[in-house]
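Observations on chain architecture
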Amino acid sequence: MQGQVFFKYLILSGLFLDSKNIGLRYDRIIYKEYSLFFIINLHVDPYYLESSDPTSFCHRYSPNPILNIAGKFGILSTPCDTPYPLTNATFEFMRSNFKDIDFIIYTGDAVRHDRDKLFKRTEDQVLDGHRRVVEYIQQYFDLSKIKFMPSLGNNDEFAHNQLPKGPNDLFSNLSQIWAPLNLNLTTHFLNGGYYRQDIHSNKFSVLNLNSMYFYKKNKLLEDCNITDSAGALQLEWLERELKNARQEKRMVYISQHVPPMDDTNVELYSPSCFYSYVQLIGKYSDVICGHFTGHTDKDTLAFVTADKEKDKYSIFALNETHILSTIATNNVVLTLTNAPSVKPTHNPAIRLYEYSTTYRNFGVLKDYIQYFVNLTEANEIGEAIWRVEYIASRTYGMNSLGARDWAMVLKEFESPDSETWRSYVKHITVSGP
Ligand SMILES: *[C@@H]1O[C@H](CO)[C@@H](O)[C@H](O)[C@H]1NC(C)=O
Ligand SMILES: *[C@@H]1O[C@H](CO)[C@@H](O)[C@H](O)[C@H]1NC(C)=O
Ligand SMILES: *[C@@H]1O[C@H](CO)[C@@H](O)[C@H](O)[C@H]1NC(C)=O
Ligand SMILES: *[C@@H]1O[C@H](CO)[C@@H](O)[C@H](O)[C@H]1NC(C)=O
Ligand SMILES: *[C@@H]1O[C@H](CO)[C@@H](O)[C@H](O)[C@H]1NC(C)=O
Ligand SMILES: *[C@@H]1O[C@H](CO)[C@@H](O)[C@H](O)[C@H]1NC(C)=O
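Residues numbered from 1 in each chain as written. Chains lettered and ligands numbered in written order. Predicted model: local features only at pLDDT ≥ 70, side-chain atom pairs only at ≥ 80, totals over all residues. Heavy atoms only, no water.

Quick word on the state of the cysteines
- Evaluation of the coordinates by the stated rule reveals two disulfides.
- One disulfide bridge connects Cys58 with Cys80, the sulfur atoms lying 2.1 Å from each other. Judged by the sign of its S-S torsion, about 85°, the bond between Cys58 and Cys80 is right-handed. You can see Cys58 sitting in the loop between strand S3 (35-39) and helix H1 (84-97) and its partner Cys80 sitting in the loop between S3 and H1, a full 22 residues away along the chain.
- Note that Cys224 is cross-linked by a disulfide to Cys273, the S-S spacing being 2.1 Å. A torsion of 95° about the S-S bond marks the disulfide between Cys224 and Cys273 as right-handed. Taken as a pair, Cys224 in the loop between strand S7 (204-208) and helix H5 (230-247) and Cys273 in helix H6 (residues 271-283) lie far apart in primary sequence, 49 residues in all. Pair check on accessibility: Cys224 and Cys273 agree, each one buried. (Disulfide = S-S within 2.5 Å. Helix = DSSP H or I, 4+ residues; strand = E, 2+ residues; numbered from the N terminus. Buried < 20%, exposed > 50% of the residue type's maximum accessible area, 1.4 Å probe, protein only.)

Here it is, written out as structure tokens:
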């Protein structure tokens with residue numbers, strides 16, 4: 001039935017066996033038939049050793065037992081990656097509670113970091129890392145019913161941060177490894193690592209970009225003002241897709257790993273890529289109803305604003321420093337969300353979105369639930385319990401997650417003493433260090 005929103009109940013009681021630390025208890029959460037979630041920066045490390053020394057990236061034991069403090073489920077604020085027990089607990093939680101999701105957006109970084117000089121990654125290990133994620137998805141979800149859409153992280157290449165222009169071996173290897181996901185990996189993917197995936201028979205599209213072709217740290221990249229550079233070609237493709245979507249009145253989400261800037265407003269793209277990207281998403285903000293990134297492991301927001309007179313767009317991100325009194329919060333045209341990761345830089349996190357399925361607003365984001373594991377507690381009790389950290393509609397008093405709704409939240413953020421601003425700050429590092 002078009003124009004109708006369907007409701008269903010998901011019984012979540014029993015999940016929050018111990019709610020003493022979260023101040024929240026939802027026995028029943030109501031949400032609409034269609035929802036999605038995404039997980040990010042999984043960084044599964046098959047070589048993670050419990051009770052090892054974090055200064056060895058959790059790969060070795062120290063002769064000094066005091067240093068062997070790596071927890072079963074990971075360890076906060078260290079360079080160690082995600083152990084199997086946390087990965088398994090995450091997939092178990094998703095499988096038992098979210099059978100009816102439509103798709104999963106995965107903003108990349110499947111493979112462990114290559115930080116351990118004594119244990120460098122091999123090319124085979126990189127490909128194994130990608131295979132492992134596909135195996136998890138196959139094992140835990142029915143791929144004939146849901147789409148799992150990965151994009152490339154900056155640790156997903158054979159060399160950290162480095163990806164040559166396509167076609168290249170990585171793209172051809174991935175098109176084979178990802179084959180069970182049944183994705184729309186056309187020649188654009190083989191040449192550029194990006195692809196468009198339509199959902200619900202063409203009602204809307206997810207544009208999965210390859211941010212490695214904008215990323216400043218990719219030394220094999222030319223800036224986007226160089227004709228036929230990998231970044232320029234991706235921008236051309238993106239503009240074609242956005243124009244097309246506008247003509248067909250079809251909404252899109254953009255998903256990619258690296259955001260245009262980090263939360264301290266440092267540009268992460270090459271100068272010309274950064275400028276052109278911001279102008280492009282500003283110009284087409286009417287068809288972009290979701291913009292998802294990962295990379296920094298933080299729960300932060302960024303806003304694209306329009307300078308109507310000059311026909312130019314700017315962008316700013318928010319961190320825990322209160323700067324809003326000096327920033328015009330008017331003219332917000334687009335909100336970019338950066339979601340925190342399962343990898344325990346901060347507490348592990350996954351996010352579930354709900355979106356509208358009404359005819360006119362198909363794809364418009366309605367709400368999200370941020371889930372987290374208290375990692376300290378998990379290691380203490382030997383069990384990783386996923387709980388609700390917060391729900392956007394309640395924490396920010398929003399009815400919907402459009403640009404105008406966020407602009408109202410920004411108004412509240414202007415007061416550093418407001419509850420909404422304090423919530424934002426607390427959640428940046430997933431309610432922990
Ligand atoms: C994680 O799950 C995999 C696949 O089911 C299983 O082989 C493995 O033993 C599990 N590992 C842990 C630590 O639970
Ligand atoms: C990766 O791609 C290269 C080039 O196509 C090919 O030679 C190699 O066999 C592939 N490796 C795997 C594991 O698929
Ligand atoms: C696959 O991608 C191509 C090129 O971007 C696009 O024209 C086509 O509609 C897409 N198909 C699906 C099913 O997403
Ligand atoms: C937040 O970002 C501003 C720039 O927008 C920067 O000056 C400040 O140091 C950042 N604060 C933190 C805590 O990172
Ligand atoms: C590309 O942009 C960069 C940064 O703005 C600039 O330094 C460079 O001269 C430009 N190159 C060309 C060929 O326009
Ligand atoms: C996490 O657990 C620890 C230890 O059980 C507790 O001290 C802390 O308050 C908890 N944090 C949150 C955000 O629940």
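Alright, that's what it looks like, and here's the rest.
Things to note about the site of ligand 1
- Looking at ligand 1, the residues that line it are Tyr84, Pro85, Asn88 and Gln139.
- Contact between ligand 1 and Asn88: an oxygen atom at 2.3 Å from a side-chain N or O atom of the residue.
- One of the side-chain N or O atoms of Gln139 is found 3.0 Å from an oxygen atom in ligand 1.
- Considering ligand 1 on its own, with 360 Å² of exposed area, one finds that the protein chains cover 41% of that surface.
- The greatest single-element share of the shell around ligand 1, amounting to three residues, is contributed by H1. (Near = heavy atom within 4 Å. Polar contact = N/O pair within 3.5 Å; in protein donor to acceptor, adjacent residues only side chain to side chain. Areas by Shrake-Rupley, 256 points an atom, 1.4 Å probe, with all protein chains shown as cover.)

Here we look at helix H2 (residues 123-140)
- With 18 residues, H2 extends 26 Å from end C-alpha to end C-alpha; this agrees with the ideal 26 Å at 1.5 Å per step.
- Among the residues making up H2, those that are buried are Gln125, Val126, Leu127, Gly129, His130, Arg132, Val133, Val134, Tyr136, Ile137 and Tyr140.
- Close packing links the buried residues of H2 with H1, strand S4 (103-106), strand S5 (147-150) and helix H3 (169-177). (Expected span 1.5 Å × (residues − 1). Contact = heavy atoms within 4.5 Å.)

Remarks on helix H9 (residues 403-413)
- Turning to H9, its buried residues number three or more, namely Trp406, Ala407, Val409, Leu410 and Phe413. For H9, the angular spread of buried residues about the axis comes to 160°, placing them on one side. Seen from the open side of H9, the exposed residues pointing more than 90 degrees away from its buried face are Arg404 and Met408.
- On its buried face, H9 sits against strand S10 (300-307), strand S11 (312-317), strand S12 (332-338), strand S14 (365-373) and helix H10 (419-428). (Arc of directions from axis to C-beta.)

Structural notes on the pattern of salt bridges
- Considering all chains together, one arrives at 15 salt bridges under this definition.
- The salt bridge involving Asp142 is made with Lys145; its shortest N-O contact spans 3.2 Å.
- Residue Glu414 is joined to Lys411 by a salt bridge in which the shortest nitrogen-to-oxygen separation is 3.1 Å.
- Members of the salt-bridge network, linked through shared partners, are Arg196, Asp198 and Glu241. (Salt bridge = Lys/Arg side-chain N within 4 Å of Asp/Glu carboxyl O.)

What about the packing of H1 against H2?
- Where H1 meets H2, the closest approach of the two axes is 10 Å, and the angle between their N-to-C directions is 35°. The crossing of H1 and H2 is right-handed. Contacts between H1 and H2 pair Tyr84, Thr87, Asn88, Phe91, Glu92 and Arg95 from the former with Arg132, Tyr136, Ile137, Gln139 and Tyr140 from the latter.
- Taken together, the residues of the contact of H1 with H2 sort by class into five nonpolar, three polar and three charged. (Axes fitted to C-alpha atoms, helices over the stretch in contact; angles between N-to-C directions. Left-handed = near helix turned anticlockwise from the far one by under 90°. Nonpolar A, V, L, I, M, F, W, Y, C, P; charged D, E, K, R; others polar.)

Details of the site of ligand 4
- Every residue close to ligand 4 is listed here: Asp263, Thr264, Asn265, Asn319, Glu320 and Thr321.
- One nitrogen or oxygen atom from the side chain of Asn319 is found 2.4 Å from an oxygen atom belonging to ligand 4.
- Thr321 is positioned such that a nitrogen or oxygen atom in its side chain is 2.7 Å from a nitrogen atom of ligand 4.
- With the chains in place, 53% of the 370 Å² that ligand 4 exposes on its own is no longer accessible.
- Classifying every residue of the shell around ligand 4 gives no nonpolar, four polar and two charged.

Side note on the nonpolar core
- If you look at the biggest cluster of nonpolar residues, it comprises 123 residues, and the most contacted ones within it are Trp178 and Tyr253.
- If one sorts the elements of this core by residue count, H2 sits on top with seven residues.
- Sequence-distant contacts of Trp178, that is, excluding residues within four places in its chain, are made with His130, Val134, Pro150, Leu183, Leu185, Phe189 and Tyr195.
- Residues Tyr48, Cys58, Ala70 and Cys80 belong to the second largest nonpolar core, which totals five residues. (Core = buried A, V, L, I, M, F, W, Y, C linked by side-chain atoms within 4.5 Å.)

Regarding the packing of aromatic side chains
- Inspection of every chain in the model, using the stated rule, returns 35 aromatic pairs.
- Taking the centre distance of 5.6 Å and the plane angle of 75° together, the rings of Tyr269 and Tyr277 count as edge-to-face. Each of the two residues, Tyr269 as well as Tyr277, counts as buried.
- Across from the ring centre of Tyr368, 4.0 Å away, lies the NZ or CZ of Arg351, which sits over that ring. (Phe/Tyr/Trp six-rings, centres within 6.5 Å; stacked < 30°, edge-to-face > 60°. Lys NZ or Arg CZ within 6 Å of the ring centre and 35° of its normal.)

Quick word on the pairing of S12
- Most of S12 is tucked away, with seven of its seven residues classed as buried.
- Note that strand S9 (residues 288-293) and S12 share two bridges and pair parallel. Looking at S12, one finds that Phe292 is bridged to Thr337.
- Both S10 and S12 contribute to a ladder of six bridges, which runs antiparallel. Across the sheet, residue Thr300 finds its bridge partner in S12, namely Asn338. (Pairing = 2+ DSSP bridges.)

As for the confidence of the model for the protein
- Chain-level statistics for the protein give a pLDDT mean of 88 and a share of 89% at 70 or above.
- Within the model, pLDDT remains below 50 along residues 1-33, and this stretch shows 69 contacts once partners closer than five positions in the same chain are excluded. (pLDDT = per-residue confidence, 0-100.)

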